[in-house]
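Geometric and topological summary
Residue-level listing of the chains:
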Amino acid sequence: EFLFYKSFPLDVALLRGTTADENGNISFEHESILNEGLAVATAAKNSGGIVIVQVEYLTKKGTLNPKDVKIPGILVDYVVVATDKNACWQTEGVYYEPSFSGQIKKPLDAIEPLPFDERKVICRRCAMEIKRGDVINLGVGMPADTAKVVAEEGFIDWITMSTESGMVGGVPSALPNFGSAYNPEATLEHGAMFDLIDGGGLGMTCLGIGEADQYGNINVSKFGPRLTGPGGFIDITGSTPRVIFCGTFMGKAELKVGDGKLVIEKEGTIRKFVNNVEQITFSGKYAKPGQTILYITERCVFSLIEGKMTLVEIA
(Lines give C-alpha, C1' and ligand atoms only; values in the text may rest on other atoms or scores of the structure.)
Protein backbone atom coordinates (compact mmCIF):
# COMPACT_ATOMS: atom_id res chain seq x y z
CA GLU A 1 0.00 0.00 0.00
CA PHE A 2 2.96 2.31 0.42
CA LEU A 3 5.52 3.30 -2.20
CA PHE A 4 9.00 4.64 -1.55
CA TYR A 5 10.49 6.58 -4.44
CA LYS A 6 14.27 6.38 -4.42
CA SER A 7 16.20 9.54 -5.24
CA PHE A 8 17.96 9.81 -8.57
CA PRO A 9 21.04 11.75 -9.71
CA LEU A 10 20.60 15.22 -11.20
CA ASP A 11 22.73 16.26 -14.18
CA VAL A 12 21.74 19.92 -14.39
CA ALA A 13 20.02 22.38 -12.04
CA LEU A 14 18.51 25.54 -13.56
CA LEU A 15 17.82 28.08 -10.80
CA ARG A 16 17.10 31.75 -10.29
CA GLY A 17 18.26 34.34 -7.79
CA THR A 18 18.49 38.12 -7.61
CA THR A 19 22.20 38.94 -7.20
CA ALA A 20 25.42 36.95 -7.68
CA ASP A 21 28.83 38.03 -6.46
CA GLU A 22 32.09 37.24 -8.26
CA ASN A 23 32.42 33.98 -6.30
CA GLY A 24 28.98 32.78 -7.36
CA ASN A 25 27.21 33.38 -4.06
CA ILE A 26 23.51 33.95 -4.75
CA SER A 27 21.09 36.24 -2.88
CA PHE A 28 17.29 36.27 -3.18
CA GLU A 29 16.35 39.82 -2.13
CA HIS A 30 13.82 40.37 -4.96
CA GLU A 31 12.44 36.83 -4.92
CA SER A 32 9.02 36.43 -3.37
CA ILE A 33 9.53 32.72 -2.59
CA LEU A 34 12.62 30.87 -1.37
CA ASN A 35 11.53 27.44 -2.60
CA GLU A 36 14.15 24.65 -2.86
CA GLY A 37 17.00 26.46 -4.61
CA LEU A 38 19.60 25.38 -2.05
CA ALA A 39 18.32 21.79 -1.90
CA VAL A 40 18.28 21.42 -5.69
CA ALA A 41 21.74 22.95 -6.10
CA THR A 42 23.10 20.64 -3.38
CA ALA A 43 21.51 17.57 -4.97
CA ALA A 44 22.87 18.40 -8.42
CA LYS A 45 26.37 19.16 -7.15
CA ASN A 46 26.49 16.03 -4.99
CA SER A 47 25.39 13.99 -8.03
CA GLY A 48 28.32 15.29 -10.07
CA GLY A 49 26.05 17.58 -12.08
CA ILE A 50 26.26 21.28 -12.84
CA VAL A 51 24.36 24.23 -11.37
CA ILE A 52 23.34 27.22 -13.50
CA VAL A 53 21.78 30.26 -11.82
CA GLN A 54 20.16 33.21 -13.57
CA VAL A 55 20.32 36.53 -11.72
CA GLU A 56 19.47 40.18 -12.31
CA TYR A 57 22.65 41.73 -10.91
CA LEU A 58 26.37 41.01 -10.47
CA THR A 59 28.28 42.43 -7.50
CA LYS A 60 31.85 42.42 -6.22
CA LYS A 61 32.91 39.47 -4.08
CA GLY A 62 32.63 40.01 -0.34
CA THR A 63 29.85 42.60 -0.64
CA LEU A 64 26.85 40.33 0.03
CA ASN A 65 25.77 39.96 3.64
CA PRO A 66 26.46 36.27 4.40
CA LYS A 67 22.98 35.88 5.91
CA ASP A 68 21.50 37.03 2.60
CA VAL A 69 23.27 34.31 0.64
CA LYS A 70 20.77 31.51 -0.06
CA ILE A 71 22.97 29.44 -2.41
CA PRO A 72 26.72 29.47 -1.64
CA GLY A 73 29.12 29.88 -4.52
CA ILE A 74 30.74 26.48 -3.87
CA LEU A 75 27.58 24.93 -5.35
CA VAL A 76 27.36 27.18 -8.42
CA ASP A 77 29.10 26.42 -11.73
CA TYR A 78 27.65 29.11 -14.00
CA VAL A 79 25.96 32.46 -13.45
CA VAL A 80 23.85 34.02 -16.21
CA VAL A 81 23.11 37.73 -15.81
CA ALA A 82 19.81 38.41 -17.58
CA THR A 83 19.98 41.34 -19.97
CA ASP A 84 16.35 41.16 -21.07
CA LYS A 85 13.87 42.56 -18.54
CA ASN A 86 11.26 40.04 -19.73
CA ALA A 87 13.48 37.23 -18.44
CA CYS A 88 13.30 38.39 -14.83
CA TRP A 89 9.63 38.34 -13.86
CA GLN A 90 9.17 37.87 -10.12
CA THR A 91 5.99 35.80 -10.59
CA GLU A 92 3.90 34.57 -13.49
CA GLY A 93 1.70 37.67 -13.23
CA VAL A 94 3.93 40.59 -12.27
CA TYR A 95 7.44 41.74 -13.16
CA TYR A 96 8.17 43.05 -9.66
CA GLU A 97 5.91 43.66 -6.68
CA PRO A 98 8.12 44.96 -3.84
CA SER A 99 5.56 44.08 -1.16
CA PHE A 100 5.95 40.40 -2.12
CA SER A 101 9.67 40.45 -1.30
CA GLY A 102 9.68 42.80 1.69
CA GLN A 103 10.96 46.03 0.18
CA ILE A 104 7.71 47.89 1.05
CA LYS A 105 4.47 47.31 2.99
CA LYS A 106 1.46 47.85 0.75
CA PRO A 107 -1.60 49.61 2.24
CA LEU A 108 -4.45 47.11 2.53
CA ASP A 109 -6.88 49.43 0.78
CA ALA A 110 -4.56 49.34 -2.25
CA ILE A 111 -5.26 45.60 -2.65
CA GLU A 112 -8.19 45.36 -5.05
CA PRO A 113 -11.21 43.65 -3.43
CA LEU A 114 -13.06 40.79 -5.08
CA PRO A 115 -16.03 41.67 -7.28
CA PHE A 116 -19.37 40.62 -5.78
CA ASP A 117 -19.99 37.35 -7.60
CA GLU A 118 -20.28 33.64 -6.77
CA ARG A 119 -16.55 33.43 -5.94
CA LYS A 120 -16.95 36.09 -3.29
CA VAL A 121 -20.04 34.35 -1.90
CA ILE A 122 -17.98 31.18 -1.47
CA CYS A 123 -14.93 32.96 -0.04
CA ARG A 124 -17.05 34.88 2.48
CA ARG A 125 -18.65 31.62 3.63
CA CYS A 126 -15.17 30.11 4.02
CA ALA A 127 -14.08 33.14 6.05
CA MET A 128 -16.98 32.52 8.46
CA GLU A 129 -15.16 29.35 9.60
CA ILE A 130 -12.10 31.31 10.74
CA LYS A 131 -11.51 31.69 14.47
CA ARG A 132 -9.53 34.44 16.15
CA GLY A 133 -5.91 33.41 16.58
CA ASP A 134 -6.01 30.83 13.76
CA VAL A 135 -2.99 29.95 11.66
CA ILE A 136 -4.54 29.29 8.26
CA ASN A 137 -3.26 27.75 5.04
CA LEU A 138 -4.83 28.87 1.77
CA GLY A 139 -4.54 26.78 -1.38
CA VAL A 140 -4.33 27.69 -5.04
CA GLY A 141 -7.37 28.98 -6.92
CA MET A 142 -10.51 30.18 -5.18
CA PRO A 143 -9.26 29.44 -1.62
CA ALA A 144 -6.51 32.06 -1.96
CA ASP A 145 -9.16 34.72 -2.63
CA THR A 146 -10.44 34.21 0.92
CA ALA A 147 -7.45 36.34 1.95
CA LYS A 148 -8.91 39.34 0.14
CA VAL A 149 -12.20 38.92 2.00
CA VAL A 150 -10.41 38.83 5.36
CA ALA A 151 -8.41 41.94 4.45
CA GLU A 152 -11.48 43.79 3.15
CA GLU A 153 -13.48 42.99 6.29
CA GLY A 154 -10.67 44.32 8.50
CA PHE A 155 -9.81 41.08 10.30
CA ILE A 156 -6.27 40.66 8.98
CA ASP A 157 -4.76 41.21 12.45
CA TRP A 158 -6.96 38.57 14.07
CA ILE A 159 -5.33 35.65 12.30
CA THR A 160 -2.18 34.54 10.48
CA MET A 161 -2.61 33.40 6.88
CA SER A 162 -0.03 31.32 5.10
CA THR A 163 0.68 29.37 1.93
CA GLU A 164 2.57 26.12 1.49
CA SER A 165 5.31 27.98 -0.44
CA GLY A 166 6.55 29.49 2.84
CA MET A 167 4.63 32.76 3.22
CA VAL A 168 3.64 33.50 6.85
CA GLY A 169 1.38 36.45 7.57
CA GLY A 170 0.27 39.23 5.27
CA VAL A 171 -2.31 38.72 2.53
CA PRO A 172 -1.68 35.69 0.28
CA SER A 173 -2.12 36.43 -3.42
CA ALA A 174 -4.21 34.36 -5.81
CA LEU A 175 -3.29 33.35 -9.36
CA PRO A 176 -1.31 34.37 -11.36
CA ASN A 177 0.80 35.32 -8.33
CA PHE A 178 -0.12 32.40 -6.08
CA GLY A 179 2.56 31.45 -3.58
CA SER A 180 3.46 35.07 -2.96
CA ALA A 181 1.87 37.30 -0.32
CA TYR A 182 1.47 41.03 0.16
CA ASN A 183 3.34 42.18 3.30
CA PRO A 184 4.39 38.77 4.68
CA GLU A 185 5.74 38.71 8.23
CA ALA A 186 8.14 35.89 7.39
CA THR A 187 9.24 33.93 4.33
CA LEU A 188 10.26 30.36 5.13
CA GLU A 189 11.98 27.83 2.94
CA HIS A 190 9.50 25.45 1.36
CA GLY A 191 10.67 22.42 3.33
CA ALA A 192 10.55 24.32 6.62
CA MET A 193 6.92 25.28 5.96
CA PHE A 194 6.04 21.61 5.50
CA ASP A 195 7.77 20.78 8.77
CA LEU A 196 5.35 23.23 10.36
CA ILE A 197 2.37 21.79 8.47
CA ASP A 198 3.20 18.12 9.06
CA GLY A 199 3.76 18.81 12.75
CA GLY A 200 0.23 20.14 13.19
CA GLY A 201 1.05 23.86 13.19
CA LEU A 202 -2.09 24.86 11.28
CA GLY A 203 -5.54 25.44 12.74
CA MET A 204 -7.43 25.49 9.47
CA THR A 205 -6.88 25.08 5.75
CA CYS A 206 -8.96 26.11 2.78
CA LEU A 207 -8.38 24.13 -0.41
CA GLY A 208 -10.09 23.66 -3.76
CA ILE A 209 -12.73 21.23 -4.97
CA GLY A 210 -11.82 19.70 -8.29
CA GLU A 211 -14.12 16.73 -7.97
CA ALA A 212 -15.94 15.31 -4.91
CA ASP A 213 -17.88 12.12 -4.27
CA GLN A 214 -20.43 10.62 -1.86
CA TYR A 215 -17.71 9.39 0.51
CA GLY A 216 -16.17 12.84 0.90
CA ASN A 217 -13.21 12.02 -1.32
CA ILE A 218 -11.65 14.90 -3.26
CA ASN A 219 -9.76 14.75 -6.54
CA VAL A 220 -7.58 17.69 -7.56
CA SER A 221 -4.76 15.69 -9.13
CA LYS A 222 -6.01 13.87 -12.26
CA PHE A 223 -8.73 14.65 -14.79
CA GLY A 224 -8.70 12.36 -17.81
CA PRO A 225 -5.33 12.67 -19.56
CA ARG A 226 -4.47 15.80 -17.55
CA LEU A 227 -2.27 14.90 -14.57
CA THR A 228 -1.59 17.88 -12.33
CA GLY A 229 -0.38 16.00 -9.24
CA PRO A 230 -1.36 16.56 -5.60
CA GLY A 231 1.19 19.19 -4.57
CA GLY A 232 0.97 19.62 -0.79
CA PHE A 233 -2.69 18.61 -0.67
CA ILE A 234 -2.14 15.28 1.09
CA ASP A 235 0.23 16.65 3.75
CA ILE A 236 -2.01 19.62 4.52
CA THR A 237 -5.32 17.73 4.74
CA GLY A 238 -3.76 14.92 6.76
CA SER A 239 -2.49 17.11 9.59
CA THR A 240 -4.93 20.02 9.92
CA PRO A 241 -7.90 19.83 12.34
CA ARG A 242 -10.32 21.95 10.24
CA VAL A 243 -10.30 21.33 6.50
CA ILE A 244 -12.46 23.44 4.19
CA PHE A 245 -12.85 22.47 0.54
CA CYS A 246 -14.43 25.13 -1.65
CA GLY A 247 -15.49 25.66 -5.23
CA THR A 248 -18.50 26.23 -7.44
CA PHE A 249 -21.18 23.52 -7.42
CA MET A 250 -20.95 23.10 -11.22
CA GLY A 251 -18.19 24.08 -13.59
CA LYS A 252 -18.85 26.64 -16.35
CA ALA A 253 -22.20 27.74 -14.86
CA GLU A 254 -23.39 31.30 -15.46
CA LEU A 255 -24.50 32.81 -12.14
CA LYS A 256 -25.81 36.18 -11.04
CA VAL A 257 -25.53 37.50 -7.47
CA GLY A 258 -27.50 40.46 -6.14
CA ASP A 259 -30.50 41.58 -4.08
CA GLY A 260 -29.83 38.79 -1.60
CA LYS A 261 -30.26 36.17 -4.32
CA LEU A 262 -28.19 33.73 -6.33
CA VAL A 263 -29.64 33.16 -9.80
CA ILE A 264 -28.48 30.30 -12.02
CA GLU A 265 -28.83 31.87 -15.46
CA LYS A 266 -27.28 28.92 -17.25
CA GLU A 267 -26.41 25.59 -15.64
CA GLY A 268 -22.83 24.41 -15.84
CA THR A 269 -21.51 21.70 -18.12
CA ILE A 270 -18.92 20.23 -15.73
CA ARG A 271 -20.25 18.06 -12.90
CA LYS A 272 -18.05 18.33 -9.81
CA PHE A 273 -20.06 16.15 -7.42
CA VAL A 274 -19.99 12.55 -8.66
CA ASN A 275 -20.55 9.06 -7.27
CA ASN A 276 -16.83 8.22 -7.36
CA VAL A 277 -13.91 10.54 -8.04
CA GLU A 278 -11.41 9.62 -10.74
CA GLN A 279 -8.45 9.79 -8.35
CA ILE A 280 -8.41 10.18 -4.57
CA THR A 281 -6.25 13.11 -3.45
CA PHE A 282 -8.05 13.47 -0.12
CA SER A 283 -9.63 10.32 1.34
CA GLY A 284 -12.80 10.69 3.38
CA LYS A 285 -12.19 7.19 4.73
CA TYR A 286 -8.84 8.20 6.22
CA ALA A 287 -10.02 11.48 7.77
CA LYS A 288 -8.87 11.60 11.37
CA PRO A 289 -11.34 11.35 14.25
CA GLY A 290 -12.23 14.84 15.39
CA GLN A 291 -11.35 16.48 12.09
CA THR A 292 -13.93 18.95 10.78
CA ILE A 293 -14.36 18.52 7.02
CA LEU A 294 -16.57 20.97 5.12
CA TYR A 295 -17.34 21.33 1.42
CA ILE A 296 -18.48 24.88 0.61
CA THR A 297 -20.14 25.92 -2.66
CA GLU A 298 -22.19 28.95 -3.66
CA ARG A 299 -25.39 26.87 -3.40
CA CYS A 300 -24.88 24.71 -0.35
CA VAL A 301 -22.49 23.36 2.27
CA PHE A 302 -21.74 19.69 2.95
CA SER A 303 -20.02 18.11 5.94
CA LEU A 304 -18.30 14.75 6.22
CA ILE A 305 -20.38 12.87 8.81
CA GLU A 306 -19.77 9.18 9.55
CA GLY A 307 -17.96 8.65 6.27
CA LYS A 308 -20.65 10.26 4.09
CA MET A 309 -20.93 13.69 2.50
CA THR A 310 -23.96 15.20 4.19
CA LEU A 311 -25.91 18.31 3.20
CA VAL A 312 -25.96 20.75 6.15
CA GLU A 313 -26.80 24.15 4.56
CA ILE A 314 -28.70 25.43 1.54
CA ALA A 315 -27.97 28.96 0.33
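Please read these numbers as outputs of a predicted model, since none were measured by experiment. (Residues numbered from 1 in each chain as written. Predicted model: local features only at pLDDT ≥ 70, side-chain atom pairs only at ≥ 80, totals over all residues. Heavy atoms only, no water.)

1. A short note on the environment of Ala 192
Locating Ala 192 in the fold gives a position in helix 4 (residues 190-198). Each C-alpha atom of the pair Ala 192 and Gly 166 lies 7.6 Å from the other, and the pair is 26 residues apart in sequence. (Helix = DSSP H or I, 4+ residues; strand = E, 2+ residues; numbered from the N terminus.)

2. Focus on the sheet that holds strand 3 (residues 26-27)
The strand order 5-2-3-6 describes an open sheet built from 4 strands, whose pairing is mixed. Of all the strands in the sheet, the pair left with one neighbour each is strand 5 (57-59) and strand 6 (69-71). Pairing analysis gives 2 bridges linking strand 2 (residues 19-21) to strand 3, with the strands arranged antiparallel. By the bridge assignment, Ala 20 is partnered in strand 3 with Ile 26. (Pairing = 2+ DSSP bridges.)

3. Some details on a nonpolar patch on the surface
Together, Val 12, Leu 14, Ile 50 and Tyr 78 line one region of the surface with nonpolar side chains, adding up to about 410 Å² of accessible area. The topology assignment puts Val 12 in strand 1 (residues 12-16). (Patch = residues over 30% accessible without salt bridge, like charges linked within 9 Å, V, L, I, M, F, W, Y side chains within 5 Å. Areas by Shrake-Rupley, 256 points an atom, 1.4 Å probe, with all protein chains shown as cover. Salt bridge = Lys/Arg side-chain N within 4 Å of Asp/Glu carboxyl O.)

4. Things to note about the pairing of strand 1
Going residue by residue along strand 1, you find Ala 13 and Leu 15 tucked away on one face and Val 12, Leu 14 and Arg 16 left uncovered on the opposite face. Bridge analysis of strand 1 against strand 4 (residues 50-55) gives 5 bridges, and the strand direction is parallel. Looking at strand 4, one finds that Arg 16 is bridged to Gln 54. (Buried < 20%, exposed > 50% of the residue type's maximum accessible area, 1.4 Å probe, protein only.)

5. A word on the state of the cysteines
Per the counting criterion, the structure on display carries 0 disulfides. Lacking any disulfide linkage, Cys 246 is separated from the closest cysteine sulfur, that of Cys 206, by 3.8 Å. (Disulfide = S-S within 2.5 Å.)

6. With respect to the sheet that holds strand 7 (residues 78-81)
Each strand in a sheet pairs with its neighbour through backbone hydrogen bonds, running either in the same direction (parallel) or in the opposite one (antiparallel). Read across the sheet, 3 strands follow the order 1-4-7 without closing on themselves; strand pairing throughout is parallel. Both edges of this open sheet fall to strand 1 and strand 7, since each of them pairs with a single strand only. Sheet twist, expressed as the average angle between the axes of neighbouring strands with direction ignored, equals 20°. Most of the contacts of helix 1 (residues 37-46) go to strand 1, to which it runs at about 155°, and overall it touches strand 1 and strand 4. (Axes fitted to C-alpha atoms, helices over the stretch in contact; angles between N-to-C directions. Contact = heavy atoms within 4.5 Å.)

7. Quick word on the packing of aromatic side chains
Scanning the model with the defined rule gives 7 aromatic pairs in all. An angle of 50° between the planes, with centres 5.0 Å apart, marks the rings of Phe 245 and Phe 282 as tilted. With Phe 245 in strand 19 (residues 242-246) and Phe 282 in the loop between strand 24 (273-274) and strand 25 (292-296), the pair connects residues that are 37 residues apart, well separated along the chain. Exposure class is identical for Phe 245 and Phe 282. Each is buried. Ring centres of Phe 273 and Phe 302 lie 5.3 Å apart, and the angle between their planes is 40°; this geometry places the pair in the tilted category. With a gap of 29 residues between them, Phe 273 in strand 24 and Phe 302 in strand 26 (residues 300-305) connect regions that are remote in the sequence. A residue is classified by how much of its surface remains accessible, and Phe 302, at 13% relative accessible area, is buried. Three or more aromatic residues joined by ring pairs make a cluster, and in this case those are Phe 233, Phe 245, Phe 282 and Tyr 295. One residue, Arg 132, lies across the ring of Trp 158, its end atom 4.0 Å from the ring centre. (Phe/Tyr/Trp six-rings, centres within 6.5 Å; stacked < 30°, edge-to-face > 60°. Lys NZ or Arg CZ within 6 Å of the ring centre and 35° of its normal.)

8. Some details on unusual backbone geometry
Between Leu 175 and the following residue, Pro 176, the backbone shows a cis peptide bond with an omega angle of 5°. By the secondary structure assignment, Pro 176 is in the loop between strand 11 (171-172) and strand 12 (181-182). For Lys 252, which is not glycine, the phi torsion reads 70° and is therefore positive. Its identity is not glycine, yet Asp 259 carries a phi of approximately 55°, on the positive side. Note on Asp 259: relative accessible area 80%, which makes it exposed.

9. Examining the pattern of salt bridges
Under the defined criterion, the tally for this structure stands at 12 salt bridges. Here Lys 120 and Glu 152 are joined by a salt bridge, their closest N and O atoms 2.9 Å apart. Taken as a pair, Lys 120 in helix 2 (residues 118-127) and Glu 152 in helix 3 (residues 142-153) lie far apart in primary sequence, 32 residues in all. For Glu 152, a relative accessible area of 42% gives the class partly exposed. Among the charged side chains, a network of salt bridges with common partners joins Arg 125, Glu 129 and Glu 313.

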